[in-house]
Every structure is written in structure tokens, then in C-alpha cells.
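Each chain, written out:
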Amino acid sequence: MSDIRHSLLRRDALSAAKEVLYHLDIYFSSQLQNAPLPLVDKGPAELLEEFLFQVPKERGAPPKRLSSLQELQLLEIMCNYFQEQTKDSVRQIIFSSLFSPQGNKADDSRMALLGKLVSMAVAVCRVPVLECAAFWLQRTPAVYCVRLARALVDDYCNLVPGSIQTLKQIFSASPRFCCQFITSVTALYDLSSDDLIPPSDLLELIVSWIFEDPRLILITFLNTPIAANLPIGFLELTPLTGLIRWCVKAPLAYKRKKKASLSNGHPPSKIAKDSTSGEDRDCHQLYSKLHLSVLQVLMMLQGHLTEKNLYGRLGLVPFDHVVPLVEEINRLSDELNPLNASKEIELSLDRLAQALQVAMASGALLCTRDDLRTVCSRLPHNNLLQLVISGPVQQPTHGALPPGFYPHIHTPPLGYPAHAAHPALPAHPALPAHPVQTFIPGMTFPYRPIR
């Protein structure tokens, strides 16, 4: 590697970066013939940091900086390399060696370049780069995945108005990347503060993707070998938990945001107020559509979990994540005046109850009713939630019942005797038969409106 480094030092920054990719391609292609998962040696890693991320090898040396044009050309070189490399295994290992965090000073440059590369791949629809990014999101700690999600949201939701349509078009090009992007975005925007409410354009994008094909949420789960114990600190297999959090917390989070805007001492103008209320109304409709799609996906899960032999062994909606969600709902309900937010609290708890019931019935949530009763005991009263945590009414076994008899759903309260059976009513006399009215086609009937 020292000979390669000396030859690279004589080149300009762009040709050196291109040469590094060429040597890495040869190195990993030969490594993959001997081992299915080769380790990245120290030598190639140092070449990457020095000639791609411009981190000087000598201590105390000033960092090198590429001009904006050079950086754009470097991104084009990398995009073209991943597009032209036909072996998926080589692409994956080189992408991983380039952008897997190493816990050193090069990580900031690494993440900045990754955000720009994936953003360019979205703009020019470079599917191999998006597929590599999807696997990277799956295998990288969540704190770094959130940084990539924030970079993409800044580029396509905040920087240039209307550019969200470009991001929307990759749905059919790389569904795997879309699934991982949704998972990372729901981890980023957890609605814990007004700043962490997803932008309306982003919300509309994600709802349109999922509403068009709810199975998008399950792509990573269905196409990944899974162990019953998932690693801690990484993104979840599906964005289900994050999407449930969005749907359940949205009514309360938007109410909190509206309350904060009214209490800051600057009441909005009528035009701004009408615009804000219209936008909030649109967002609430989107959350309703999203909630429906999430319930539909939860109902599909029992078959998929059984097929993978994971039913009862893998909770795709972990109970450990339900506990903090319930605590957040309880805190928000206390923070908002229940007299002024009764509708929002009711809607939030209704959605929570529906999600919990369907998740438990499908095997996505592994817990008992007693666990739910303990966790939900401090929440405001909600009829539907009470039914869910109480469980179905167990009917006693009946003997042979006479025809037409339906057993009581509820037993009478204590202290009240059951009613005695009523005597049979006498039969009515037969009524005279009415003459049959002959239908005459083409016969018109006068129409006279009722005044």
C-alpha cells in the first residue's frame, strides 16, 4: 500500500480519488474469492481517508479542501463507479468500507460526503447507489442513519421548494431504499417537540408511498435473514413503531404546537391563521390515511411471521417501545388542558387502542393484557382502550341451545336477578292475500316534489 500511496501523492485530488477506487475494486474482488465477508485492512482504510475524504495522514497538517466544483466531480466519479460495477457483492463491500463510521476524525467528512452522494443518486436516479445506501442504513447505528435522513430532508423538503417530487419518483426505482428511508425518518421526527414534527411535504410523500402499496413497510423484513434477537442501537426491521408513534401522537403534538403559537405573545394575522389551520387540517387527514394503512399492514403480519417461523418469537412492535409511547401520551395529555383538548386526547387514545389490539392479534406485539393494564393505568379514560386492555368477554360453555336462541353477551350485574323467560306469544291469524300488481314497461309515473 505504501507504493500505491506514493504514486497517488503525485496526482491531483480527483485522479487520485479515482485511482483509489480502482485499487479498492481489485483488492476486494480478489478478497471476495477467498472469503465471503472480507475485513477491511488498515492500509485501504487509510488510503480512503486520505484521498477521498481529504483527511491528512500527518498529525497537525492542515486539512485539504476540495472546491465546490471538485466535490461535484468527485460525486460524479463515485456515482459512475457504483453504476458501472456489475458485481453486487463488490459494490456492497466498497460502499461499506467507504462510509461505515470508524469513530475517528474522518467520520464528519464521511457523513457529509455520503449525504451528498445519496442526494445526487436520488436526483439522477442511480439505483445501485440507492440499493447500497439501503443496506448501509440497515447495518449502521441509528444515530448515523438519522444524520443521513436529515441531510436528505434538508435537500428535498427545505432547500428547494417543489423538489420533493424528485424524491417521490424513486418509489418504483428502489423500494428497499424507500422503506429504510421511512424507518430513519420516523426515528428522526419523533414529535417530542415542535421542531421534530415532520414537514408537511415529507408527511405527504410518505403517506402517498404507503397508501399506494402498504407492503412497502415490510420490504426489509421480508427480504432479510432474521434472528429472533435484534441488535440494539440500530434501526428497526420495519418503520411500524415509528409510524404508530406518528399517528397516535399527532393530534396532541399539533394541539401543543397551536397552543404554543397562541401563547408566545404574537397572535397570528387572519390570513396566517387561515393558512395554518388549512395546513393542519390537511395533515390530520394524512395521518388518518396513514393510520389506516398501518392497521392494514399489521393485519398482514401473522401470515408472514408464521411463514418465517417467527410467530410468537419476534415482536416487530417491541413492547419496550410501547412503554415510552404511552408515557409520552400521558405527559402530553397532562400538559394540554383536558377541557380544551378532549377531542384530541380521545382521538389519540382511540388510535393507540386500535394499534395495540391489531398488533397483539397479529403477533406483532408480544405482551399480555396484564402488561397493558399496568402500562396504561395512568392514561385518561377511553372506552375503546378499556375494552382492549380488558380483553374479550369469555362466554361460558352452553349446552344444546334451542333454535333462535342467542346467549347474552353480558351477564346481569350483581344483585339483579336474571329475567324470567316470557311466555310464547299467540300466533297471528293469516292475513288475506293481496292482488299482484302487474308491471307495465314504459308506463310513466308523474313526479311531483314535496313542498
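The shown structure was predicted, so the numbers you read here are calculated from the model rather than taken from an experiment.

Draft legend 1. Up close: the side chain of Arg176. Relative to the helices and strands, Arg176 resides in helix H10 (residues 175-188). Under the relative-accessibility criterion, Arg176 is labelled buried at 18%. The contacts of Arg176, once residues within four sequence positions are left out, are Glu131, Ala134, Phe135, Ile219 and Asn223.

Draft legend 2. Structural context of the packing of aromatic side chains. According to the stated counting rule, one finds nine aromatic pairs in the structure shown. Between the aromatic rings of Phe95 and Phe99, the centroid separation amounts to 5.0 Å while the plane-to-plane angle is 55 degrees, which identifies the pairing as tilted. Of this pair, Phe95 and Phe99 are both found in helix H5 (residues 88-99), four residues apart, which corresponds to roughly one turn of the helix. The same class applies to Phe95 and to Phe99, which are both buried. Plain terms: the ring middles of Phe171 and Trp209 are 6.4 Å apart, the flat faces sit at 20 degrees to each other, and that makes the pair stacked. Linking Phe171 in the loop between helix H9 (164-168) and H10 with Trp209 in helix H11 (residues 200-212), this pair joins segments that are 38 residues apart in sequence.

Draft legend 3. Quick peek at unusual backbone geometry. Unusually for a residue other than glycine, Cys125 sits at a positive phi of about 55 degrees. A relative accessible area of 37% places Cys125 in the partly exposed class. Within the chain, Asn309 stands out as a residue other than glycine whose phi angle is a positive 60 degrees.

Draft legend 4. Representation of the nonpolar core within the structure. Counting residues in hydrophobic clusters, the biggest one holds 133 residues, and the most contacted among them are Phe177 and Leu298. Those residues in contact with Phe177, other than ones at most four positions away along the chain, are Val118, Val122, Leu130, Ala133, Ala134, Leu137, Leu152 and Ile170.

Draft legend 5. Structural detail: the confidence of the model for the protein chain. Looking at the protein chain as a whole, its pLDDT mean stands at 83, while 78% of the residues score no less than 70. The element-level mean pLDDT for the protein chain is lowest in helix H1 (residues 2-9), coming to 73, with H10 highest at 97. Note on residues 436-451: pLDDT under 50 across the span, and zero contacts to partners over four residues away in sequence or across chains.

Draft legend 6. Region of the structure containing the packing of H5 against helix H6 (residues 107-124). It is the contact of H5 with H6, at a shortest axis distance of 9 Å, that shows an interaxial angle of 135 degrees. Here H5 is positioned oblique relative to H6, judged by the angle of their axes. Listed contacts from H6 to Phe95, Ser97, Leu98 and Phe99 of H5 are Arg110, Leu113, Leu114 and Leu117.

Draft legend 7. How the structure looks around helix H17 (residues 369-376). Those residues of H17 not exposed but buried are Leu372, Val375 and Cys376. Taken end-on, H17 shows its buried residues confined to a sector of 85 degrees, consistent with a single buried face. Tucked into the core, H17 has its buried residues touching helix H15 (319-335), helix H16 (342-362) and helix H18 (383-390).

Draft legend 8. Molecular detail of the environment of Gln92. Within the secondary structure, Gln92 sits in helix H5. Distance from Gln92 to Phe135, taken between C-alpha atoms, is 7.9 Å for residues 43 residues apart in sequence. When near neighbours in sequence (up to four residues on either side) are disregarded, Gln92 contacts Glu131, Cys132, Phe135 and Arg139.

Draft legend 9. Geometry of the pattern of salt bridges. Taken as a whole and judged by the stated rule, the model has 12 salt bridges. Taking the shortest distance from any N to any O, the salt bridge between Glu49 and Arg110 comes out at 3.3 Å. Here Glu49 is found in helix H3 (residues 42-51), whereas its partner Arg110 is found in helix H6, with 61 residues between them in sequence. Between Arg147 and Asp108 there is a salt bridge; the shortest N-O distance is 3.5 Å. Of this pair, Arg147 sits in helix H8 (residues 142-159) while Asp108 sits in helix H6, placing them 39 residues apart in sequence.

Draft legend 10. Molecular detail of the packing of helix H2 (residues 13-34) against H5. Remark: H2 packs on H5, axes separated minimally by 10 Å, with the N-to-C direction vectors making an angle of 120 degrees. With respect to each other, H2 and H5 are oriented oblique. Where H2 crosses over H5, the two elements pack in a sense that is right-handed. The residues of H5 that touch H2, namely those facing Leu21, Leu24, Asp25, Phe28, Ser29 and Leu32, are Ser89, Val90, Ile93, Ile94, Ser97 and Leu98. Split into classes, the residues belonging to the contact of H2 with H5 amount to eight nonpolar, three polar and one charged.

Draft legend 11. Molecular detail of H16. Compared with an ideal rise of 1.5 Å per residue, which puts 21 residues at 30 Å, H16 spans 30 Å between its outermost C-alpha atoms and is within 8% of the ideal. Within the span of H16, buried status applies to Ile345, Ser348, Leu349, Arg351, Leu352, Ala353, Ala355, Leu356, Val358, Ala359, Met360 and Ser362. Where H16 ends, the next residue or the one after it, Gly363, has phi of about 85 degrees, a positive value.

Draft legend 12. Inspection of a negative patch on the surface at higher detail. On the surface, Asp201, Glu204, Glu279 and Asp282 cluster together into a negatively charged patch. Tracing the sequence through the fold places Glu279 in helix H14 (residues 270-307).

What counts and what doesn't
- Positions within a chain are numbered from 1, following the residues in the order the chain's sequence is written.
- For a predicted model such as this one, the threshold for reporting local features is a pLDDT of at least 70, and the threshold for listing and counting side-chain atom pairs is 80 or more; totals across whole chains, interfaces and linings nevertheless cover every residue.
- As a rule here, side-chain values cover all heavy atoms of the structure and leave hydrogens and water aside.
- Helix and strand definitions here come from DSSP, where helices need a minimum of 4 consecutive H or I residues and strands a minimum of 2 consecutive E residues; each element is numbered from the N-terminal end.
- Relative accessibility thresholds used throughout: buried, under 20% of the residue-type maximum; exposed, over 50%; partly exposed, between the two (1.4 Å probe, protein chains only).
- Contacts are assigned to residue pairs with any non-hydrogen atoms lying within 4.5 Å of each other.
- Pairing of aromatic side chains requires ring centres within 6.5 Å, counting the rings of Phe and Tyr and the six-membered ring of Trp. Pairs whose planes differ by under 30 degrees are stacked, by over 60 edge-to-face, and all others tilted.
- Buried Ala, Val, Leu, Ile, Met, Phe, Trp, Tyr and Cys residues form a nonpolar core when they are joined through side-chain atoms within 4.5 Å.
- Per-residue confidence from the predictor is reported as pLDDT, a score between 0 and 100.
- Note on geometry: axes are lines fitted to C-alpha atoms, helical ones only across the stretch in contact, with angles between N-to-C directions running from 0 to 180 degrees.
- Here is the rule for angles: anything less than 35 degrees is roughly parallel, anything more than 145 is roughly antiparallel, 65 through 115 is roughly perpendicular, and the remaining ranges are oblique.
- In this description, the arc belongs to the directions extending from the helix axis to the C-beta atoms.
- By definition, a salt bridge exists where a carboxyl oxygen of Asp or Glu is found within 4 Å of a side-chain nitrogen of Lys or Arg.
- In this scheme the handedness of a crossing depends on how the near helix is turned from the far one: anticlockwise by less than a right angle means left-handed, clockwise means right-handed.
- We call Asp, Glu, Lys and Arg charged. Ala, Val, Leu, Ile, Met, Phe, Trp, Tyr, Cys and Pro are nonpolar, and the rest, Gly among them, are polar.
- Each helix should span, by expectation, one fewer than its residue count multiplied by 1.5 Å.
- Each patch is built from residues lacking any salt bridge and having more than 30% relative accessible area; the joining distance is 9 Å for like charges and 5 Å for nonpolar side chains (Val, Leu, Ile, Met, Phe, Trp, Tyr).
- Computed by Shrake-Rupley with a 1.4 Å probe, the accessible areas treat only the displayed protein chains as cover when residues are assessed.
- Under this rule, positive means Lys or Arg and negative means Asp or Glu; His and the chain ends count for nothing.
- Where a charge lies is defined by one atom per residue type, namely NZ (Lys), CZ (Arg), CG (Asp) and CD (Glu).

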